[in-house]
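Chain by chain, the residues:
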Amino acid sequence: MRKVDPEIRVAKDIRELSRMAAREFAERAVEAVDRRGTFAVALSGGSTPESLYDLLADPEETFVDRVSWNNSHFFWGDERHVPPDHPQSNYRMANNRLFSRVSIPKENVHRVQAEDPDADRAAEKYGLAIRDFFRLRNGDWPRFDFILLGLGVDGHTASLFPGTSILHEKKRMVAAEWIEKFESYRISMTPPVLNHAACVAFLVSGDGKADAVREVIRGEFRPDRFPAQLIRPVNGRLIWYLDRAAAARLCA
Ligand code: 6PG
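Keep in mind that what you see is a predicted model, and the values were worked out from it rather than measured.

Cut-off values and rules
- Residues numbered from 1 in each chain as written.
- Predicted model: local features only at pLDDT ≥ 70, side-chain atom pairs only at ≥ 80, totals over all residues.
- Heavy atoms only, no water.
- Pairing = 2+ DSSP bridges.
- Helix = DSSP H or I, 4+ residues; strand = E, 2+ residues; numbered from the N terminus.
- Axes fitted to C-alpha atoms, helices over the stretch in contact; angles between N-to-C directions.
- Phe/Tyr/Trp six-rings, centres within 6.5 Å; stacked < 30°, edge-to-face > 60°.
- Near = heavy atom within 4 Å.
- Nonpolar A, V, L, I, M, F, W, Y, C, P; charged D, E, K, R; others polar.

How would you explain the sheet that holds strand E1 (residues 7-11) if you had to name every residue and give the values?
Read from one edge of the open sheet, six strands run E1-E9-E8-E5-E2-E3, paired in parallel fashion. Bordering the open sheet on either side are E1 and strand E3 (72-76), each of which pairs with just one other strand. Adjacent strand axes in the sheet meet at a mean angle of 20°, parallel and antiparallel pairs treated alike. Two elements, strand E8 (residues 199-204) and strand E9 (residues 237-243), share six bridges in a ladder whose sense is parallel.

Let's hear about the packing of aromatic side chains: which residues, and what values?
Applying the stated rule across the entire model yields 16 aromatic pairs. Grouped by ring-pair contacts, the aromatic residues Phe25, Phe39, Trp69, Phe74, Trp76, Tyr91, Phe99 and Phe146 constitute a single cluster.

Kindly report on the site of the ligand, identifying the contributing residues and their values.
As a matter of local geometry, the ligand sits amid 15 residues, with Thr48, Asp78, Arg80, Ala158 and Lys209 nearest to it. Grouping the constituent residues of the shell around the ligand by class yields two nonpolar, nine polar and four charged.

Can you break down the environment of Asp132 residue by residue, with the values?
Within the fold, Asp132 resides in helix H5 (residues 119-134). Between the C-alpha atoms of Asp132 and Ala32, which are 100 residues apart in sequence, the distance is 19 Å.

Got a sec to walk through the environment of Ile8? Specific residues and values, please.
Along the chain, Ile8 falls in strand E1. As a C-alpha pair, Ile8 and Leu238 span 230 residues in sequence and 8.7 Å in three-dimensional space.

It is worth stressing that arrangement in space is one thing and function is another; only the former is reported here.
Right, dumping it as structure tokens:
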């Protein structure tokens, strides 16, 4: 299948970046619900999307009224191996910033059961939840309408970290991976799931990410070193939402 070139959109700062991403989120949500009656989205963790989630929930903004929350189903691209009330939990961050502020049926929030002491079992259950939601037959891949991703300074995205075996996963939808530098497991969607989405959007802010942005987008293809290079939707859009600081070395 064809691979499309990434769309690169640069905002002046995190505020404008979040607003651009909120517009994209709302447009994808409206389009999906108009077309299929349902919007299936995978959220990113980390700190960059916090202000995006705040904007989406803000009653003073237009986004909260444009998104059909009852028909929107939320997943995560990855989760830390911690309970949902842990400060490190990606679910907790999204719940504080978004789900606690909008009216959304609890069955529409499909969190990773990362409280399970067995990370592999948590990953397997999450994969089954995705399979059930999309009513997949064996061998089929889910097609999320929108997947939001961040980028680490080391070129990781979701929990696809340099040099880890999940980078080469071709069969499973979700896998658990021990991440040495965190001395902890992470649970992540695998590259094929991310690459079967209709639209994948990176949201990257700050000059600390500028080198990684340049290497991932313009550098030699070395996905074991820069795993975000693996994200190339097979039949979907890839958008990089960058603020000026993160984009600073793109043209260098
Ligand atoms: C996570 C994310 C991870 C994140 C990047 C960027 O669980 O932390 O999925 O991939 O998006 O590490 O994190 P920041 O937005 O905090 O810089």
